[in-house]
Structures are given as C-alpha cells and as structure tokens.
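# Observations on chain architecture
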Amino acid sequence: MGGSELDGNGTEEALPPPPPIPPHIVPIQAADQVPAESAKKKIVRVPMARRNLGTKGQKIPLLTNHFRVKVSNVEGHFFHYSVALSYEDGRAVDGKGIGRKVIDKVHETYRSDLADKEFAYDGEKSLFTVGPLPRNKLEFTVVLDDVSAARSNGNRSPDGHGSPSENDRKRLRRQYQSKTFKVEISFAAKIPMQAIGNALRGQESENSQEALRVLDIILRQHASKQGCLLVRQSFFHNDPKNFVDVGGGVLGCRGFHSSFRTAQEGLSLNIDVSTTMIIQPGPVVDFLIANQGVNDPFSLDWNKAKRALKNLRIKVSPSNAEYKITGLSDKPCREQTFSLKQRGGDDSEPLEVTVYDYFVNHRKMNLQYSESLPCINVGKPKRPTFFPLELCSLVSLQRYTKALSTFQRASLVEKSRQKPQERMSILSNALKRNNYDAEPMLRSCGIAINNNFTQVEGRVLPAPKLKAGNGEDFFPRNGKWNFNNKKLVQPTKIERWAAVNFSARCDVRSLVSNLIKCGEMKGVLMKEPFDVFEEPGNLRRAPPLVRVEKMFEEIKSRLPGQPEFLLCLLPERKNCDLYGPWKRKNLSEVGIATQCIAPTNRINDQYLTNVLLKINAKLGGLNSMLAIERTTMIPLVSKVPTIILGMDVSHGSPGQSDIPSIAAVVSSREWPLISRYRAAVRTQSPKVEMIDSLFKLVSETEDEGIMREVLLEFYTSSGKRKPDQIIIFRDGVSESQFNQVLNIELDQIIEACKFLDENWNPKFVVIIAQKNHHTKFFQQQSPDNVPPGTIIDNKICHPRNNDFYLCAHAGMIGTTRPTHYHVLYDEVGFSADDLQELVHSLSYVYQRSTTAISVVAPICYAHLAASQVGQFMKFDDSSDTSSSHGGLTAPGVPPVPQLPRLQENVSNSMFFC
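The structure contained in this document is the topic of the report that follows.

Before going further, it helps to spend a moment on a nonpolar patch on the surface. A cluster of nonpolar side chains, namely Val413, Met812 and Ile813, defines an oily patch on the protein surface of about 280 Å² accessible area. Structurally, Ile813 can be placed in the loop between strand E42 (802-807) and strand E43 (819-826). For Ile813, a relative accessible area of 46% puts it in the partly exposed group.

For the rest of this paragraph, the subject is the pattern of salt bridges. Under the counting rule described, the total for this entry stands at 35 salt bridges. Two residues, Arg111 and Asp116, come together in a salt bridge whose shortest N-O distance is 2.8 Å. The class for Asp116 is partly exposed, based on a relative accessible area of 49%. Where Glu118 meets Arg111, a salt bridge forms, and the shortest distance between an N and an O atom there is 3.4 Å. Given a relative accessible area of 35%, Arg111 falls into the partly exposed group.

Sheet strands pair by backbone hydrogen bonding; their relative direction is either parallel or antiparallel. Pairing in this open sheet of four strands is antiparallel, and the strands run E13-E21-E14-E15 from one edge to the other. Edge positions in the sheet fall to strand E13 (282-283) and strand E15 (321-324), since each has one partner strand and no second. When strand E14 (residues 313-316) meets strand E21 (residues 392-394), the two strands line up antiparallel, connected through three bridges. Counterpart to Lys315 in the pairing with E21 is Ser393.

Here we come to the sheet that holds strand E24 (residues 466-467). Here three strands make up an open sheet; going across it, the order is E25-E24-E32 and the pairing antiparallel. A strand with exactly one partner marks an edge of an open sheet, and here the two such strands are strand E25 (473-474) and strand E32 (625-626). Where E24 meets E25, two bridges bridge the pair, whose relative direction is antiparallel. Paired with Leu466 across the two strands is Phe474, which belongs to E25.

Between its terminal C-alpha atoms helix H15 (residues 605-618) stretches 20 Å, which fits the 20 Å expected from 14 residues at 1.5 Å a residue. Here H15 has its buried residues at Leu608, Thr609, Val611, Leu612, Leu613, Ile615, Asn616, Ala617 and Lys618. Directly beyond the C-terminal end of H15, a positive phi value near 100° is found at Gly620.

Each value, and the rule that gives it
- Residues numbered from 1 in each chain as written.
- Predicted model: local features only at pLDDT ≥ 70, side-chain atom pairs only at ≥ 80, totals over all residues.
- Heavy atoms only, no water.
- Patch = residues over 30% accessible without salt bridge, like charges linked within 9 Å, V, L, I, M, F, W, Y side chains within 5 Å.
- Areas by Shrake-Rupley, 256 points an atom, 1.4 Å probe, with all protein chains shown as cover.
- Salt bridge = Lys/Arg side-chain N within 4 Å of Asp/Glu carboxyl O.
- Helix = DSSP H or I, 4+ residues; strand = E, 2+ residues; numbered from the N terminus.
- Buried < 20%, exposed > 50% of the residue type's maximum accessible area, 1.4 Å probe, protein only.
- Pairing = 2+ DSSP bridges.
- Expected span 1.5 Å × (residues − 1).

What follows is the structure, given as structure tokens:
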C-alpha cells in the first residue's frame, strides 16, 4: 500500500530511542490532546513502491537515450553557498545574466583565495563546490567593464555610438564605464555525495534530489560557458544550422535536453533533442514584415509592432552597441525631435533637431527608408533615446514565448521531425561534442559518462480484441483498423436534424446525401435533414455572436420543434471565431448535439466515416468496444463496480497569464463498460495545476464539486450502484507535484465520497500519465519506430516507485514518444500485468479514431472537453489576448469567471468527441 503511516505514540522514558525514520516518510506529530479526527487527517500518502515486474508480451531488445554514469567519488560532499550580489552603493543586482559574468570574474581574480576550487553556479543565488571553500563567509569586490552590452563586442567609443542627445551621451558613457560589484558568498548547507548512492538504491531523500540538482547545474553552466541559450535543462547553440523558419518572424531553434536520472540500473544521463522558439535575428524591419505578413515597412501596424518589440535586445550599427527596446517614437524619424547641445560650450542654446537630420547631416549616415517610419526607443520613459529603424538589428537567441498559430505549429512539426536513426546519430554526436569528460566539476566528482545508448528489454503486448456491429470480432493490426464492410457496434438513429452552412464554399446537399449513404453502410440510420440553412451573404462580416444568434432565429422560425442534432459547416478549418459561440449556444443554452466540419476538397469516404464516428459517439452510440467489456472479463474491473476518471488542467498559453485555467474530469459511465464517458469542466485561477473544485461546499448541506456530479451520474447510469473502486488517471503533473495529487486532490475526492455517504469506503488507484519527458526508445536492428504495445518497466525506470513506459500507438512520423505512467497508489491490488494491460486496453477505446492512441482515452477526452469548453470563454473578453500584458494583476485579483453549465441532455453525452 502506498500510504505509509507512522503514529508517534508517547513512549516511556526508560525505553531506547525509536528507530530512525526512513528518508521518504514524513513523520506525524501526534500530541495526547489532539482529537482523533485531526490526527487521522495528518496521514501523508507517499508514492507506492513497485510490487513486481510485468511478464506478458513478446520480448524485444531496445536501446534508449540514457547513458550510464559512473560515480567514483561518493565519500565527498557538495558544499552549497548562497550568493548575494550588490553594486558599490548597496543596491541589489537584478539584471539577468550579470550574475554569471560577476561570478566568472570572482573565479578568475581570486583563484588562490578560493583554494583553486571549481564552482557550479546556477546564475542566481546558489553556488556549489566539491569540498569546502577556505572560509564560511567570503567577500569580494570585482570590477566589470561594460555591463550593459550583454553579448556585444565592446569595441566602441562612448561618443561614436549614435546616441542623439548630449544628456543621454553622458548617461551612456557612465553606463559603459566599468561597474564595481560586491559579492558575498556564505555557507548554506553540506550535501553528502553518498546521497547519490542512496538514490540509486531507491532511498530517495531531500539530499539525493539536491545532489542531482547540483549535477544538473554543472551541465547548465557547461552550456552557458559555450554561449548557449538556457531553458530549464535544455540548451541551444547560436548556430543557424539549427534554426528552422516556421513563419511570422519566428524560428524553431534545435538544441538538447540533458539531465541526470536515477534508475534501477544506477545513474544515467538522459540526452534528447529539444526545440525552443526564438525571434528571427537580423534587421528589425525584416522581423516586423514577417511577423505581420506584409510586403513592406510602410504597411506595418505600429501598435502591433510596439507590442512585438517590447523588451527585445538589438544591436545598433555602426557601433554594435547592444540595447533593450523600450518602445517606439510617436512621430516618424524626420519629425521626431530632441535637444542637441552645441559644441561651443554651455552658454549656447541647445538645438532642436530631428532624429533624421541628426543621423544624416551630423553623423553623415545614409538612411534609405527610415525617414517616414517611427524610431526605436531604447531610453527611459522620461529620457528617450531614439535610433532610426534601419540601424537596428535583433540579437540572436531571444526566446519567443507567445502561443504559436496553427500554421506555425504545423510548420514546426513538419520541419523538425526526425526518424529514429537520425535522432540517434544526432544524440551520439551531441554527447561527443559536449565533451563532458573535460568538465572540471564533473571530474572532481569522479563522474564518467558512457558514450553508448543503454540497452533495455521491452515487451510487446498483443492488441486487445475489439467488437464491431453484428457481433463481429476483429483484431487491430499494427495499432490500426478500419470500418470498411463493418457496422458500428451500437449505431444510433438520427431522425430530427438539420444542416447549417456558415458560408463554407461547398455543395451542402451532396455532402448531406453522401453522409446519409455512408451512415447506412455503417448501420447509422439518418433520415433526410429537415432543412439546410444557408447564411445570407450580408451577415458574413457581422461579429460571430450576431451570426450565431441570427442563425438560431432562422432555425427556430422554420423547424417544427427542437432538433436532436445540427451539422454545422464552418468557413475555416482552424481557429474559426464562430466555433466557440456556436458550441456555447448549442451545448449550454439550448441543449443540442452538434458536429462542426470545415469541408475541404477531399470529401471522400474516409472523411465522411470519421465525421460519422464523432456524430455516433456524441448521440450516445458506440463505434467499437473491447471484447472483454462485453464478456465482463476485465481483471478486477468487471467484477466490482468501478469508475475510471481522466483528469487534466489546461492553462492559457505562456503570454496569457490572465486567462483562467480549465479543469476537466472525464468519468466512465454504464459500468461494466469502460468505453463510455462524460465530462465535467470548471474554470480555476490561472496557472494553478491542482484541481480545486473536486469537492466544493457552498453550504453545510450542499457540495457543488465535480466529484459529486460524476459519482451521481455513474450511480444512475450503472443500475443504482456506487463505485467500490475509483481508478484515477491524472495528466500534466511533474514528479515534484505527485505528493500534492496524493494528498490534496485525493483528499478532496475522499471528502466528496464521505459527503455523499459517510459509510462508503471505495478503494483508489492513482496513476499519473506524463508525455512531457525526454526518454525515447529505438529498435536495435531496425530503422522503424518501436511496435505499438511496447512496454518497458525495467532498468531505466525508477529505482523504487511503480512506473513504466508504454508506446501504445504506431509512431507514423518522427520518433515515437512513449507515455510515462506512474502508479502512485493502488488499494485494489492489481498485479503489474493486469494494470499494464488495463492501461494498454484504454488506449483502444477512443471513439474518434480507428487507431490506438498514445495515452489512455479518458485523458484524451479530458483534453478535448477542456479545450472545447474553453472556447466558450474566448469571445467573452474582446481584449487582445495574444498581447503580453499578462503577469500584472491589479490589487484584489479579479474573480475567475465561471463557465456556463451544460444543458442536462448534452452534459451526460460525449459532446467533446
């Protein structure tokens, strides 16, 4: 059982001291006077240990991108020092990137005072050494030249750098001269290297996490010294060979992730290809033209440009000085003036000159096109410093943090996919090029990294048998199947329906008749639609909400009663601004199931079948199911009422810190089925990962939480049975949050159950699914991806916890990314084989497609539900959500807007399918 419990009952003084507490257990302080109730609450659940390994499936030898690490110096200690940097006058240093320069200078200047020790510095407030420094507190003063120009070549004179006004010149001269820093390094903690050895034996402790963090900081510092851009544990070289243009002035920059991992087999270094987005370097004007998709600088929208450029770093020719952009001038270059002091001493009046006049006549520079465009401002709000646009170039390796458009995302996927063999050779080369053996800190830890991919043994689980209509059984092949000449297992009848066309260019009548024909072949009986509603041309330019309302007025006036289904044709495939309002109107106001399509030229049988699969699932049908569902043979699940939950929280994109996060919980219904689901969706505070509305008391007798909703619906749909087993699949949490899922979310779920019935004690299983990791698998003898159903639970898995990797799907492009499942808690008592087979089977019940998917269906459905209902919110606030004004919330944070509830007749359906 995962939750270890320790009760500190009072002991007689004569007894010997209690045995030491294992490092991964949090002891419970229980005083005599604490009431039993609250003592019970203090039980801290921790991730369970692995019970046994799986044995089923065909064995297959694999390689993985983990490289074995030997550590010979386990007797020593890492010493952790905290670093305080300040200027001469005592002000703290807040500039990013200055820390590393200052610490490098300390290291260079005071080597002997530091006993020649190597540093691992995290760029902020922590510094680590192997063995102690000579004293516990050290203070140094260092002088750095030219701090403001972060990556420039420092060969300019203060006067010749093209700054217009004399005041600015003086200020800049001051800025360019050297700066003096005070550095305090004081002892903070001692970390035994033995902690790494303990971690390898599965004895994880705070110390072992810290020791591995030090090793990761050494890798970061190694990359930083090579001038890389660092993003968490990934690093990116400034090499145009690694850049791919994805459009809009944005480049994908390929680099590498590297981190140390503990595993059953020991310590390994995990290296993988990683991509981050950067701003296209080079002339600012080229970036703006690409960013806005215009043909020349005279067509640019300068408000957009101002937002896109804020805080980016530029170099200015001819001096190559580097600055940060603070804004744009209000007037064009030939009209924007400033005061230029005369050379004839202080008595003469300063001249009012334009920026254009200054550069062309005073500095004798030739400006081709800047005169009618705004200038770039790099000064402070009250003291601007302007440069003509064409003298400014964007510095390389500046991250682009806004969300990518659909087009950019597709382009990135297209251009950055790598076949398994190609990825392996890139990783081998990266390991050789990084030359970690020469890194002095790693050497002083006695660390040696093997250059070969680690060999592991995988097992390929057979695909589960599926059922189609007319009692037909079939086996998927290579993770895929089709419905040619097959009927759906539970087809629906569609009697009252209509089609709606929002000006998509398409012959709706023939599309409808082909859909009806296709339905007939698959067993779905669709009557002729009551009508086809065409949007009048004069509404196409109206706001989305107006278009949707007008369409509904038309539907109401012409249909005899409410339809059970509406087919909606949209003009654009992705990001259509009608989608959110249309779904909201249908699902939360009127309660009608609806299927949106954006027909392209390729309306063939495959397209229509895919549309039909979605429609059938939304209207309560089932397309296929597992044969073991029908025969109720699923180990431990078919015998006892069991609900399966998929839980996920989706957040706004990085630039949108003011958009609420959306929590979705998808739950199975109609036990013993595990193929039918419904969804409950709620908003919560932006960027909060734990779901806060699982149990939500609004009064002493009323719980409005998600769990109550899903449990009651399970009870009604499963023949008045309460689930005695609750299996939870949770997506999107990192290892550092496992304890919160076990102790915060699971507590809420238990409270919700108790609130419904004090005497009900269901058993829980909690499984985390992670896609966001860097472990990949390769076949030794084949250039292909690993076969679908490949599972790995040995060697590179966690030394103690119960985790495994599964590639359930057939990787078609690039290299397959396995899903990493962590079984945190299991009160039901699954064997490794039974649980792994359940997870594998749940990758085959996704009703929208005829393939196995890469992560269990309930989690995929939770993504779909969150993003679909999230579209309801999009058009509520008309602010420019893509701007990066996020992050600043006024005092008294605004309340999170609530989502409209779905109508009852659609809330229990698979509306998200």
